[in-house]
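If you want the building blocks of each chain, they are given just below.
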Protein chains: 2
Amino acid sequence: MSQYVYTFGNGSAEGREDMKLLLGGKGANLASMNHLGMPVPPGFTITTEVCSYYYAHKRTYPDTLQSQIDSGIRFVESVSKTGFGDKKNPLLLSVRSGAPASMPGMMDTILNLGLNDETVTGLIEQSGDPRFAYDSYRRFVAMYGDVVLGLKPESKEKEDPFEELLDAKKKTTGVKYDSELSADALKELVAEFKALIRGRLGLEFPDDPREQLAGAISAVFGSWMNDRAIVYRQLNRIPAEWGTAVNVQAMVFGNLGKDCATGVAFTRDPASGEKVFYGEYLVNAQGEDVVAGIRTPQQVMRKASQEWARNHGISEDDRKDQYPSLEEYMPDATKQLLEISDRLEAHYRDMMDIEFTIQNDKLWMLQCRVGKRTGMAAIRNAVEMVEEKLITEDEAILRVEPNMLNQLLRPIFDKNELKKHTPAARGLNAGPGAATGRVVFHADDAVEMAATGDPVILVRIETSPEDIRGMEAAKGILTQRGGMTSHAALVARQMGRVCVAGCEALDIDYTAETITVGKRSIRKGDWISLSGSTGNVYFGKIPTRPSEVIQVLLDRTLDPMDAPTYRLYARLMQWADERRRMKIRTNADQPDQCINAVAFGAEGIGLTRTEHMFFEGDRIDAVREMILADDLEDRKQALSKVKPYQREDFEGIFRVMNGKPVTIRLLDPPLHEFLPHEEEAQRELAETMGITFEEVRDKVEELSESNPMLGHRGCRLGILYPEITEMQSQAIFEAAAAVQKEGIGVYPEVMIPLIMTSREFKAQAAVVRRVAADVMRETGQRLNFLVGTMIELPRAALVANEIAKYAEFFSFGTNDLTQTCMGLSRDDSGRFLPYYVANSLLLHDPFESIDQLGVGQLVRMGFERGRSSRPDLKVGICGEHGGDPASVHFFDRIGLDYVSCSPFRVPIARLAAAQATVIANRK
Amino acid sequence: MSQYVYTFGNGSAEGREDMKLLLGGKGANLASMNHLGMPVPPGFTITTEVCSYYYAHKRTYPDTLQSQIDSGIRFVESVSKTGFGDKKNPLLLSVRSGAPASMPGMMDTILNLGLNDETVTGLIEQSGDPRFAYDSYRRFVAMYGDVVLGLKPESKEKEDPFEELLDAKKKTTGVKYDSELSADALKELVAEFKALIRGRLGLEFPDDPREQLAGAISAVFGSWMNDRAIVYRQLNRIPAEWGTAVNVQAMVFGNLGKDCATGVAFTRDPASGEKVFYGEYLVNAQGEDVVAGIRTPQQVMRKASQEWARNHGISEDDRKDQYPSLEEYMPDATKQLLEISDRLEAHYRDMMDIEFTIQNDKLWMLQCRVGKRTGMAAIRNAVEMVEEKLITEDEAILRVEPNMLNQLLRPIFDKNELKKHTPAARGLNAGPGAATGRVVFHADDAVEMAATGDPVILVRIETSPEDIRGMEAAKGILTQRGGMTSHAALVARQMGRVCVAGCEALDIDYTAETITVGKRSIRKGDWISLSGSTGNVYFGKIPTRPSEVIQVLLDRTLDPMDAPTYRLYARLMQWADERRRMKIRTNADQPDQCINAVAFGAEGIGLTRTEHMFFEGDRIDAVREMILADDLEDRKQALSKVKPYQREDFEGIFRVMNGKPVTIRLLDPPLHEFLPHEEEAQRELAETMGITFEEVRDKVEELSESNPMLGHRGCRLGILYPEITEMQSQAIFEAAAAVQKEGIGVYPEVMIPLIMTSREFKAQAAVVRRVAADVMRETGQRLNFLVGTMIELPRAALVANEIAKYAEFFSFGTNDLTQTCMGLSRDDSGRFLPYYVANSLLLHDPFESIDQLGVGQLVRMGFERGRSSRPDLKVGICGEHGGDPASVHFFDRIGLDYVSCSPFRVPIARLAAAQATVIANRK
């Protein structure tokens, strides 16, 4: 019989920390904290296997599950000395999801389960507090009504219907705050809530605790497939197969009086990464209140509390009185919490995110997990933990998700521009960076307006998981309520969005779609600017400017010694470079791009697209003349006009790269891409060329193609018009010779695109090599160079052994290889690819991260077969996957020599390559 | 030291019959005839290795070649007791190409080499005939001027410049025939020819025999890469790497007087296949005269001669006098020739094509080779040789090139229509079948007019290898001059073109572009009809009708017992069917196509394209309604209108196929293919649908794609619109249930197209299987069926093991697999693919015959991986390669269960599959 239920509590547990896949992260860590002897309310975990079973069997459960759950409940009853459904001393439960990978707030939670009109009397008896008991009861009914029974607001403009009843009750009883409602009022609310459910859903609220539990468990498993969970998994590449576990745990109460509190904390600051305990709490509250950001929480640490008060213009006396730190308010519990924090960091060797509740002065740990953090914090933690000897350099490298480096490169406000603006308000600096954009108030609007190309700032009273697509579409997120650990803050940091949270001075009106601060007001579509680093909010548009790392590396406007962020970046990059096996190159077509790429650590150019050069200035005229040429003579004459431009561009690139390899791809796109398609432009062109409009139009028609992706392009151009290959080769080698003569190193690698057969390569390479020999003879410069090819058709990978007989290097063009291998046109697949990813027909967009199972096989095959013919074949990739960490790992496993990516992704590729080496060395 | 020269003569030879790749076919057979003790003029063969060397080394030769040639000449001198360049007794040579695969007339030949103003006197002395000597000399100079020095007509309308001088000389000397020119006139012509060369080319004609020989050898090697040789190799898939050998042989003369003759013959009739010696000869002529078709040759056999005379209205007396058979004219030589013919057939066990010359009553064999023949003859030879116990059934199967079966299926004239026409003229029945088309006179015009879609008949005084593309484009070929073995006749038979040759009654005027017979005249573009079976030529258009095999099998208008051709076909097919391992299916969308296919032996349907059914009649309206539907409800409603049509079609097909498997592919093309693209039609559609024109236009624009081949099509439609899959599945299974209820067997195989991932398949197959279960439950019919997929994307082949976990069969869609694997759009590749094939960048068009090296690897991989997951996976192919014999062989080697091809290619596939088995069993 399979074990589907694992109990924990009282310092022991059936599960273990290493059983994350089975118990979920939360379940495994609850077991672990028990093993560490920390105070954890007893409970049990229903495994992820049950979730898989549930979806594989039309949402039913294994036969033996119920009896195992029953045993679990008996265990909890015995540890907590309560009875589930007991009228005197009832066991109340929390039911929470817990997937193997953290998905904060994505799935459902139910608290206070077990309450009904009978057990509530037991709770009154036990707590001696009818108000508390009915407050718990009304919360439970509302939560259950929403999560399990599915009673939602009727539209996005409407408030939660339970909240509406709550607000009405406050009005009729003449109180302002929830906490002022009397036990009777709350009792009435329970009845009103149940009536609402009956009225809207035609359902009787279940009174039987066991029925409640069964419903809650199904709701949690069901939430695994809700839209926001699916979107979250997509964004975070979490396999749907993993499933979630369900954690059923005895309730402890942070809302049982003034000697109760609840809070969340990080063992270090999750925004800056500073080694300082960072926590927020609420007195007399349940945990969800902190995370949901409905009340602005107080600080755990005194110092942080003082700073917060300063920022909010609150006097020290008022602070101590109204917003004391936990350190001051409950010094013993705080001391225990800090000790636990240290032990957790020492045990997990990482920054931890913890949830705790204090019930009648007793501290309970509700969960712990590795803490989410900003890119900045991740880097700082990694570097400093090495310096603290807590982790190794190898571990530090693995601790930073390479894309997090993006956050160090993200813009900040231009200081001079900023001086002209006064903040309209100030909130929490919840997601670093600077953003400016147009205001929208709903996630859908954010998606819509972002699609027009305008930057968008999503402004919400508070965010919820339903907003996730809108947050993704926005440049920045601004909320009125919620702390550093609110939903908005957590998600924004993870997505790398600028975020200012808990900016309470704002008055947000969803209906009028306005934000008002005092007398100033802006509306939907107006500009707003956020500093995610200071928490300042500005009405109006403030230009942004480069980050510290950019200022040091690219602008050279900042001394590295004055740039602490840069120090961390440089240290991490140094460790990465010391380790990584693969070289990192860049895709760049112009000298200025090359300069950036080298500053970011590029060790060569993996792809220079010569056709981009064709469009600059008047050059396009000569190119068009070449295309319109009737015969070889005319074509050669037109080509001779293009050549000086090409040579000049190549000279510029060679100078910057100074001896580093420069891979230049010969003309690739179909010729029709260079001709105008509008009649107007065709008439102009005809005039410029001194031919008739009809001639131009006919040529455009003659060249048009049904499937240009599979048409007359790549080396197929050079094969039919060897004079183009000849001209480009001349430009390359003449430039190389000229620059070498200046004493600068040059190392061109001429790349022939879209090779399908070895014979094509042989024919084109012969032209290139002949031209090289001619130029060397004419200039007297002896040039080192390679001639190789792009492997971007499945056939090329399949016959790579033949091609490598003639080619000195391969560069996988994984964009086109993906298109042909999968039969997916990048331009057209937008109609169905998002559906595919959302419905797990594909695990991810194969243009973002390489399809390892399919396209990856071709890369491996091409690599192995190429090397079998030519053991010293140089092999890299130059598709956009070169900047995707998962793809970089894959290419390292295959054994490629280098990856090439856009200049701004070079640091990411360097780190990802280092991670790949570290992982490989571990095995 | 490599041996580059192999001598033969006097009953011995350095080469052997099995050295064809080295010595070429001609060289190997010359060696063989020597070993058989037959009379062969001495000579030597320069190997194909020299040809390869020549092209690999910028048209230069290996160092030791010259000395080996010198030795070869000394050998020939010693056997023939002559001296090369000797003034008294000069050795004269023929220099001929000879490739491993026969390429008749494709490459160059030079005769009488060694003549100059000095040696010609020796030839006069030896022959005692100054006229003969100068005739040989002027022929040599003209041939050398043309072939080696490259003196060509100035335009296609112009005659050969040497012929012009010859004609002028006949006029000035007042004679009608070449043979009437005096020795002095011929001597003058030699000087005039040389002056022409000097004037036009600025070259002195080389007098040194060794210089002549060197030039001739280079010309022969050079001719390997001339346009017509390249085209020929393309058409016949002969690798350019093979190269040609050069045969240098002592001249013998068929033009040394009345006791001389030259001829070509076949050991059996090459047109009908009848077992009767078939030869043509000319008295006092050189061999090229027969082949070139300039003079109408006489028959070797008396019986054939008599028949010829009857057909030409020549009395027996006149015949005996003017056109005697060789049998009558030179009975001894004929007897020897027939003996040699029998020995050659017994030795080679095949029908042989032989060239002979009789010099002063002595018979010389100039070459022998396996004879080209019509499809009819090939089949008859193969079947009859088995019946004669000359060859085995296995050999018979290998003797017939499967495409030759096409000729048995080719149309004949409708007899009733034919009665209404009187032949305008009669020529030789050189290529069987009947053809009607528009007259053109030049090969280029044939290509051009054929491209418009009109059938074309190419009419030439005589054809030459330059005409080959035009012959390919034409339905039929008509020549004024030349015999059954003329260039026109040989090539037409091989290409399967209808041909009437040597129709001397015609007066063809290239300038006026007219054909005149007596008073009747037609011009370019007029209709003409040819019977390649009787040799009759008709002015006007005569409808054609089905062949004998078609009449027996499809029309059932002919009793098999009255159909001798059908007997041969049936016998051969029986042997093939007894042997072949693979099943043959057909691609058919309609019941009538299925009936044909079954008659041709199809054992199932490998591909029914459901979308073809969408276009018939009003159905397209419902289909368009479905596409234009705004939501699921509307779409389902439109689909419900389409369903009855689909069901009806499937019922018809199931009835015909009666239990044989029927593979039905679900909707494949992108939806925009069903919408009109012209504004006019869009407006009409809008009206029909009751929506605005703008809505239609917007939908068309919304659906348009950059690369539809890689777009939203195949199962990607069914994934996003499962209701389409559902409707089609319902139509299939409802039809199956209905037909099965009638007591007819049904076996549907539902095929899901364009699968990229196993998850897509799983999702679509679930819909199909669910519908099947529903229909079975509703109808109470238990249906046998399979659900499988088309493997047409490289990725599908790569992950075939995953897909086969869910799919019960695979069918390789090799058309699309070729497009994606090679990155070749079939619609667009016309711009460069012909160049690729012509220049050996590809060995053949990969859409005609599968690219075994690339695409073939994916087929093999898909097959092996699929079977690894599901050992009983049924695997076939349904691309157009299923009807290409070379591809069929390849698929058999891989191990596929079946191939599927168009109905008319089913017999071809059956034979090809049998050949594959025979070849496999031999190994």
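Structural data are supplied above this passage.
Residues numbered from 1 in each chain as written. Chains lettered and ligands numbered in written order. Predicted model: local features only at pLDDT ≥ 70, side-chain atom pairs only at ≥ 80, totals over all residues. Heavy atoms only, no water.

So, about the relation of the copies chain A and chain B. Both copies of the chain are related through a single rotation about an axis accompanied by a shift along the same axis. Structural alignment of chain A on chain B gives an RMSD of 0.3 Å, achieved by rotating through 180° and translating 0.2 Å along the axis. Overall, the copies show the geometry of a two-fold rotation axis. By residue overlap, the copies meet face to face through one surface: 100% of the interface positions of chain A are interface positions in chain B. (Least-squares fit on C-alpha atoms with pLDDT ≥ 70 in both. Contact = heavy atoms within 4.5 Å.)

Residue and element names in this part refer to chain B. The strand order around the closed barrel formed by eight strands is β25-β26-β27-β28-β29-β30-β31-β32, and the pairing between neighbours is parallel. If you compare each strand with its neighbour and ignore which way they point, the axes differ by 25° on average. Inspection of the sheet shows strand β28 (residues 747-752) paired to strand β29 (residues 786-791) by four bridges, in the parallel sense. The residue of β29 that forms the bridge with Met751 is Gly788. Set on the sheet, helix α26 (residues 632-657) makes contact with β26 (605-609), β27 (661-665) and β28; between it and β27 the angle comes to about 155°. (Pairing = 2+ DSSP bridges. Helix = DSSP H or I, 4+ residues; strand = E, 2+ residues; numbered from the N terminus. Axes fitted to C-alpha atoms, helices over the stretch in contact; angles between N-to-C directions.)

Quick look at the sheet that holds strand β9 (residues 298-299) of chain A now. Residues and elements named next belong to chain A. Sheet architecture is open: five strands sit in the order β9-β8-β7-β10-β11, paired in antiparallel fashion. Of all the strands in the sheet, the pair left with one neighbour each is β9 and β11 (362-370). One ladder, built from six bridges, connects strand β7 (residues 261-266) with strand β10 (residues 352-359); its direction is antiparallel. Its bridge partner lying in β10, Thr262 is registered against Thr357. The sheet contacts of helix α14 (residues 331-348) involve β10 and β11, and relative to β11 the element is tilted by about 25°.

All right, on to unusual backbone geometry then. Leaving glycine aside, a negative phi is the common case for residues, and trans is the common case for peptide bonds. Even without glycine at this site, Arg556 of chain A takes up a positive phi of about 55°. Classification of Arg556 of chain A by relative accessible area gives exposed; the value is 64%. One non-glycine residue with positive phi stands out, namely Arg59 of chain B, at about 60°. (Buried < 20%, exposed > 50% of the residue type's maximum accessible area, 1.4 Å probe, protein only.)

A word on the interface of chain A and chain B. Contacts between the two partners involve 50 residues from chain A, matched on the other side by 50 residues from chain B. Around 4600 Å² of area is buried between chain A and chain B when both sides are counted, 57% of it from carbon and sulfur atoms. When the buried area of chain A at its contact with chain B is split by residue, Leu710, Arg759 and Arg831 of chain A rank highest and sum to 16% of it. Counting every contact that joins chain A to chain B gives six salt bridges. Here Glu241 of chain B ties to Arg759 of chain A by a salt bridge, and the two come within 2.4 Å at their closest N and O atoms. Looking at the side of chain A that touches chain B residue by residue, the classes come out as 25 nonpolar, 13 polar and twelve charged. (Buried area = accessible area lost by both parts, 1.4 Å probe. Salt bridge = Lys/Arg side-chain N within 4 Å of Asp/Glu carboxyl O. Nonpolar A, V, L, I, M, F, W, Y, C, P; charged D, E, K, R; others polar.)

On to the side chain of Asp467 of chain A. Looking at where Asp467 of chain A falls in the secondary structure, it is placed in the loop between β16 (456-460) and α20 (468-473). Sequence-distant contacts of Asp467 of chain A, that is, excluding residues within four places in its chain, are made with Ala443, Arg460 and Glu462 of chain A.

A few words on the packing of aromatic side chains. Residues and elements named next belong to chain A. Applying the stated criterion across every chain yields a total of 38 aromatic pairs over all chains. An angle of 45° between the planes, with centres 6.0 Å apart, marks the rings of Tyr61 and Phe221 as tilted. Remark: Phe221 occurs in helix α8 (residues 209-223) and Tyr61 occurs in the loop between α2 (48-56) and α3 (65-80); sequence separation between them is 160 residues. The class of Phe221 is buried, set by a relative accessible area of 0%. Ring centres 6.5 Å apart and planes at 85° place the aromatic pair Phe810 and Phe812 in the edge-to-face group. The same class applies to Phe810 as to Phe812, namely buried. (Phe/Tyr/Trp six-rings, centres within 6.5 Å; stacked < 30°, edge-to-face > 60°.)

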